[in-house]
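Next come the chains, spelled out residue by residue.
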Amino acid sequence: MPQTPDHFLLICETCKGPENAHALRTALARSLPAGFAVRTVSCMAGCERPTTVGFQAVGKAQYLFGDIQTERDINAVAEFARQYQHSVDGWTNATDRPRALFTKTLARMPCMNVEERP
């Protein structure tokens, strides 16, 4: 029985087009851990640093990385996927992430807590 995905990798298809997003999706699908779903999405506002990818999971911080272009970048994204999946809250420090992603982090947003009120 296939595992239901509970982690998501988003790939922007706007700036470099759907063909680029599909190629990146194919390359990553071979190396992502079980439990990840890959989705192509429209603009994630990383237009100055394409291709952008995002990570999401319920109860975890969310990430956006840009300039994902090379095989080294793809390998780093797959490595981060494993790190992210094993993290309780998704929170990682830049120095703990794969080195190839060190300068590629565009955003880290804390997890949404629906119990918090302003």
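To be clear, the structure that these remarks concern was listed above.
Residues numbered from 1 in each chain as written. Predicted model: local features only at pLDDT ≥ 70, side-chain atom pairs only at ≥ 80, totals over all residues. Heavy atoms only, no water.

Engineer: Sorry, what's going on with the sheet that holds strand E5 (residues 105–109) here?
Structural biologist: Ordered in space as E2-E1-E3-E4-E5, the five strands form an open sheet in which the pairing is mixed. Only two strands of the sheet have a single neighbouring strand rather than two, namely strand E2 (36–41) and E5. If you compare each strand with its neighbour and ignore which way they point, the axes differ by 15 degrees on average. Across three bridges, strand E3 (residues 53–57) lies against strand E4 (residues 62–65) in antiparallel orientation. Looking across to E4, one finds that Gly54 is bridged to Leu64. Strands strand E1 (7–12), E2 and E3 of the sheet are contacted by helix H1 (residues 17–29), whose axis makes an angle of about 150 degrees with E1. (Pairing = 2+ DSSP bridges. Helix = DSSP H or I, 4+ residues; strand = E, 2+ residues; numbered from the N terminus. Axes fitted to C-alpha atoms, helices over the stretch in contact; angles between N-to-C directions. Contact = heavy atoms within 4.5 Å.)

Engineer: Could you clarify how one ought to interpret helix H2 (residues 71–86) in this entry?
Structural biologist: Think of an α-helix as turning once every 3.6 residues; residues three or four places apart then point the same way. The end-to-end C-alpha separation of H2 is 23 Å, in line with the 22 Å expected for 16 residues at 1.5 Å each. Within H2, burial applies to Asp73, Ile74, Ala76, Val77, Ala78, Phe80, Ala81, Tyr84 and Gln85. Tucked inside the fold, the buried residues of H2 contact E1, H1, E2, E3 and E4. (Expected span 1.5 Å × (residues − 1). Buried < 20%, exposed > 50% of the residue type's maximum accessible area, 1.4 Å probe, protein only.)

Engineer: I keep staring at unusual backbone geometry and nothing clicks. Help me out?
Structural biologist: Glycine aside, negative phi is the norm for most residues, and most peptide bonds take the trans geometry. Note that the residue after Pro50, namely Thr51, is joined by a cis bond; omega there is -5 degrees. Residues other than glycine seldom take positive phi values, yet Ala45 does so here, at roughly 65 degrees. Of note, Ala45 is situated in the loop between E2 and E3. The phi angle at Asp67 is positive, at roughly 65 degrees, despite the residue not being glycine. In this fold, Asp67 is placed in the loop between E4 and H2.

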